[in-house]
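Commentary on secondary and tertiary structure
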Amino acid sequence: MKEDFLHYLWKFKKFDTLNLKTAQNELITIIKTGDYLELSGPDFFNAHIKIENQKWAGNVEIHLKSSDWYLHNHEKDSAYENVILHVVWENDTPIYRKNNTEIPVLVLKDYVSKKVIENYNALISPKTWISCEKQIKEIDDFVFKNWQERLFFERLERKSTFIYQLLEETNQDWEAVLFSLLLKNFGLNTNGTSFLQIAKAIPFSIIRKESFEYENLEALLYGTAGLLDQEKEDVYFKDLKFRYFYLLHKYQLERVYVDPVQFFKLRPDNFPTIRLSQLASLYHKYQNLFSKIIDLKSVKKVYELLNISSSLYWQNHYQFDKESPEKSKKLSKSFLDLVIINTIIPLQFAYSNIMGESIAENLIDFMKEVTTEKNAIIDKFNSFGIDSKNAFESQTLLELKNEYCNRKACLKCALGLELLKNN
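Some details on the pairing of strand β4 (residues 44-51)
Both strand β2 (residues 27-32) and β4 contribute to a ladder of four bridges, which runs antiparallel. Pairing of Thr29 across the sheet is with Lys50, part of β4. As judged from the two bridges shared by strand β3 (residues 35-36) and β4, these two strands associate in the antiparallel manner. Bridge pairing links Asp35 to Phe45 in β4. Sheet analysis places β4 next to strand β5 (residues 54-65), joined by six bridges and oriented antiparallel. Within β5, the residue paired with Phe44 across the bridge is Val60.

Topic: a negative patch on the surface
Judged by side-chain charge, Glu149, Glu361, Asp365 and Glu369 come together as a negatively charged surface patch. Tracing the backbone through its elements, the reader meets Glu361 in helix α14 (residues 360-368).

Some thoughts on the packing of helix α5 (residues 174-186) against helix α10 (residues 272-285)
One can describe the packing of α5 onto α10 by two numbers: an axis separation of 10 Å at closest approach and a directional angle of 155°. By the angle between their directions, the pair α5 and α10 is classed as roughly antiparallel. The interaxial crossing formed by α5 with α10 has right-handed handedness. Contacts between α5 and α10 involve Glu175, Leu178, Phe179, Leu182, Leu183 and Phe186 from the first element and Arg275, Leu276, Gln278, Leu279, Leu282 and Tyr283 from the second. Here the contact of α5 with α10 is composed, by residue class, of nine nonpolar, one polar and two charged.

A few points about the side chain of His74
Along the polypeptide, His74 turns up in the loop between α2 (68-71) and β6 (83-90). Its relative accessible area of 8% is what places His74 among the buried residues. The residues touching His74, leaving out its near neighbours within four places in the chain, are Glu61, His63, Trp69 and Tyr80.

Observations regarding the packing of aromatic side chains
In this description, an aromatic ring pair is defined by two values, namely the gap between the centres and the angle between the planes. Scanning the model with the defined rule gives 29 aromatic pairs in all. Where Tyr8 meets Phe12, the ring centres are 5.5 Å apart and the plane angle is 50°; that geometry is what we call tilted. Looking at Phe12, the relative accessible area reads 39%, which means it is partly exposed. For the cation-ring pair, Lys184 lies above Phe162, with the distance from its terminal atom to the ring centre recorded as 5.9 Å.

Considering the packing of α14 against helix α16 (residues 391-405)
Orientation of α14 relative to α16, taken along the N-to-C sense of each, is 105°, at an axis distance of 6 Å. When the axis of α14 is compared with that of α16, the two are roughly perpendicular. Residues Ile364, Met367 and Lys368 of α14 form the contact with α16, whose own contacting residues are Ala391, Phe392 and Gln395. When the residues that make up the contact of α14 with α16 are grouped by side-chain class, the tally is four nonpolar, one polar and one charged.

Description of the environment of Leu305
Among the secondary structure elements, Leu305 is positioned in helix α12 (residues 299-305). Taking C-alpha positions, Leu305 is 10.0 Å from Lys285, a pair spaced 20 residues apart along the chain. In contact with Leu305, other than residues within four places in its own chain, are Lys285, Tyr286, Leu289, Lys292, Ile293 and Leu296.

Focus on the pattern of salt bridges
A side chain of one charge can pair with a side chain of the opposite charge when the charged atoms of the two come close. Inspection of the entire model under this criterion finds 18 salt bridges. Here Glu233 and Lys238 are joined by a salt bridge, their closest N and O atoms 3.6 Å apart. In this structure Glu233 comes out as exposed when scored by relative accessible area, which is 63%. According to the relative accessible area criterion, Lys238 is partly exposed, its value standing at 44%.

Describing the pairing of β6
Of all eight residues that make up β6, seven are buried, and the element is covered over most of its length. By the bridge criterion, three bridges tie β6 to strand β7 (residues 105-107) in an arrangement that is parallel. Looking across to β7, one finds that Val87 is bridged to Leu106.

Observations regarding the environment of Lys11
Tracing the backbone through its elements, the reader meets Lys11 in helix α1 (residues 3-11). Sequence-wise, Lys11 and Leu338 are 327 residues apart; in three dimensions their C-alpha atoms are separated by 40 Å. Residues within four places of Lys11 in sequence aside, it is in contact with Thr33, Tyr36 and Phe44.

Some points on the environment of Gln54
By secondary structure assignment, the location of Gln54 is in strand β5. Classification of Gln54 by relative accessible area gives partly exposed; the value is 44%. Distance from Gln54 to Ser78, taken between C-alpha atoms, is 23 Å for residues 24 residues apart in sequence.

Observations concerning the side chain of Ser388
Mapped onto the secondary structure, Ser388 falls in the loop between α15 (376-383) and α16. Judged by relative accessible area, Ser388 falls into the buried class, the value being 11%. Within polar-contact distance, the side chain of Ser388 engages the side chain of Thr372 at 2.6 Å. Beyond its immediate chain neighbours, meaning those up to four positions away, Ser388 contacts Thr372, Ile378, Asn382, Glu393, Ser394 and Leu397.

What counts, and at which threshold
Residues numbered from 1 in each chain as written. Predicted model: local features only at pLDDT ≥ 70, side-chain atom pairs only at ≥ 80, totals over all residues. Heavy atoms only, no water. Pairing = 2+ DSSP bridges. Helix = DSSP H or I, 4+ residues; strand = E, 2+ residues; numbered from the N terminus. Patch = residues over 30% accessible without salt bridge, like charges linked within 9 Å, V, L, I, M, F, W, Y side chains within 5 Å. Areas by Shrake-Rupley, 256 points an atom, 1.4 Å probe, with all protein chains shown as cover. Salt bridge = Lys/Arg side-chain N within 4 Å of Asp/Glu carboxyl O. Lys, Arg positive; Asp, Glu negative; His and termini not counted. Charge placed at Lys NZ, Arg CZ, Asp CG, Glu CD. Axes fitted to C-alpha atoms, helices over the stretch in contact; angles between N-to-C directions. Parallel < 35°, antiparallel > 145°, perpendicular 65-115°, else oblique. Left-handed = near helix turned anticlockwise from the far one by under 90°. Contact = heavy atoms within 4.5 Å. Nonpolar A, V, L, I, M, F, W, Y, C, P; charged D, E, K, R; others polar. Buried < 20%, exposed > 50% of the residue type's maximum accessible area, 1.4 Å probe, protein only. Phe/Tyr/Trp six-rings, centres within 6.5 Å; stacked < 30°, edge-to-face > 60°. Lys NZ or Arg CZ within 6 Å of the ring centre and 35° of its normal. Polar contact = N/O pair within 3.5 Å; in protein donor to acceptor, adjacent residues only side chain to side chain.

This is a description of form; function is not addressed.
Right under this line is the structure:
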């Protein structure tokens with residue numbers, strides 16, 4: 001038995017509300033259970049309860065055992081002075097206010113049916129992966145789809161926190177925010193942190209000024225990444241190195257050392273040399289990228305806008321001084337799908353919030369055009385009969401698993417509550 005289950009029982013009145021009595025044998029009528037705000041202090045605020053013939057308005061505190069009141073030192077906290085009812089599973093000791101009057105106690109286990117407890121135990125019992133893996137396919141499609149929309153926007157809200165932080169750091173410069181986001185996401189999981197450090201080490205005003213010189217952009221990116229620190233005979237390498245130190249002197253920049261970029265275990269097309277060159281190409285092609293990105297409404301338009309490749313040198317190289325068979329290093333559709341998911345959609349969401357615009361339906365439609373992600377979590381949901389047909393659905397399943405299933409937050413999840421309600 002867990003306390004959050006008692007919160008669920010009280011909030012939704014999942015017990016026999018007729019002939020309720022306190023442990024002191026006084027008749028209870030619940031007029032309003034109160035507001036479950038999940039803040040510090042009592043569990044439910046502004047409850048309305050009738051005990052015998054007296055109406056009370058105040059707060060409700062919930063514990064597994066009444067003695068938990070003292071275990072949590074509530075008797076010393078003024079926030080608990082307005083508790084009008086103590087709801088517990090076991091009443092093992094009386095609780096008193098400062099004026100020595102006893103706080104009325106409702107012992108829930110006397111009023112909860114065996115079936116409700118059995119359903120709860122079935123839901124939280126250990127499973128191989130998630131608590132509802134045997135029942136999730138049975139959930140009503142309408143409930144599931146509504147919950148997916150909620151999960152989608154919860155995920156965007158979390159991602160927006162980072163965007164708002166970047167806005168503060170860049171003095172509300174959306175172009176600079178986009179540059180940081182793109183660099184981070186071009187680095188993927190392996191080099192994302194290092195690439196973000198690169199973005200923060202180069203003032204975006206310099207990127208703006210040097211965007212007309214493609215090689216200067218590459219020099220700044222490679223130099224900051226530490227990829228020009230060695231000595232090589234390669235002519236292109238030497239040229240970029242010369243440009244890098246010239247730019248440091250021109251703008252009076254101090255060298256900032258970032259975490260070393262990694263090549264190990266990456267597919268060659270994801271090497272940091274290739275991704276940084278592609279990003280340089282993007283900023284050489286577009287000087288006002290944010291205004292173009294923010295207006296994108298379809299996957300097709302993204303593919304058209306971001307149809308770029310690395311510089312000519314990298315068509316037959318993956319690393320400096322090591323020639324390889326010639327191959328076009330264009331941004332692939334699968335990579336651009338990741339850019340949509342991790343950069344474009346979160347940026348549009350954050351921007352619309354700040355501008356006071358509502359584009360929720362547009363974002364959902366946009367994401368439904370994107371191919372579903374493929375990973376172990378999506379595959380596992382598929383094995384339970386929950387198919388993911390597009391990126392909107394795969395993103396919601398990732399949010400469900402990471403923010404609810406992994407945290408055992410079944411009683412905060414619409415799917416968990418639906419299963420408890422239906423059984």
